[in-house]
Amino acid sequence: ILGWSYYGERCCEYLFGAKGMLPYKLAFILVIVVWFLMYRMPLGLRIRAVGENSSAARSVGENPTKVKLIALGLSGLFASLGGMYLSMGNMQVFIVNMTAGRGFIGVAADAMGRGNPIGAMIASLLFGSANAVANVLQINSFSSDVVMAIPYVVSIAGIIIYSAHEQQVKEK
């Protein structure tokens, strides 16, 4: 209410838009919530067990289909929050191909984080920093094609370094 009277009709933009901090704070809070859910609650244990070996989970009395549907619903909920921010906060309109390959970067962040929400957040911060550097370089009249490739090059380099490190660990 106070924000509405101070900022007028732009209150939602300051809370949820690119200038607002609420989406970022919510993202960090949700990382902790998801970690707690996955590693400290029975539902997280069930999700991890069914994801690892659904036949073994079925043999101990779990219903893998039910657990998979719950996990799918939760992942859809969190993905929708990201899509809402992208279409309503960052760009404020829906346009075709607005994700611009961010799904690949998300998969790379998950792989580098080894499926752990905190590890994926750290990898996402690295890739987000690469995107911010690309935006700054684009302002300084560097070639836009080269600059727009920076986040993808960083994500591919990160996956290569991560894979090489994992291979060295396996060999030892």
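No experiment lies behind these values; they were computed from the predicted model shown.

Parameters at a glance
- Residues numbered from 1 in each chain as written.
- Predicted model: local features only at pLDDT ≥ 70, side-chain atom pairs only at ≥ 80, totals over all residues.
- Heavy atoms only, no water.
- Core = buried A, V, L, I, M, F, W, Y, C linked by side-chain atoms within 4.5 Å.
- Buried < 20%, exposed > 50% of the residue type's maximum accessible area, 1.4 Å probe, protein only.
- Contact = heavy atoms within 4.5 Å.
- Salt bridge = Lys/Arg side-chain N within 4 Å of Asp/Glu carboxyl O.
- Helix = DSSP H or I, 4+ residues; strand = E, 2+ residues; numbered from the N terminus.

Engineer: How should the nonpolar core be read in this particular structure?
Structural biologist: Generally speaking, a soluble globular protein has its nonpolar side chains buried in company with each other. Among the nonpolar cores identified, the biggest contains six residues, and these are V34, M38, I47, V50, A57 and V67. The contacts of A57, once residues within four sequence positions are left out, are A49, V50 and E62. One finds A108, A109, A123 and F127 within the second-largest nonpolar core, a separate group that totals five residues.

Engineer: It is not clear to me how the pattern of salt bridges should be interpreted in this structure. Could you clarify?
Structural biologist: Pairing between side chains becomes possible if they bear opposite charge and their charged atoms approach one another. Scanning the model with the defined rule gives two salt bridges in all. For the salt bridge of E62 with R46, the shortest nitrogen-to-oxygen distance reads 2.9 Å. Taken together, the positions of E62 in the loop between α5 (54-59) and α6 (64-90) and R46 in helix α4 (residues 42-52) put the pair 16 residues apart, joining distant regions of the chain. By relative accessible area, which is 26% here, E62 ends up partly exposed. The partly exposed category is assigned to R46, whose relative accessible area is 36%. Residue E166 pairs with R114 through a salt bridge whose shortest N-O separation is 2.8 Å.

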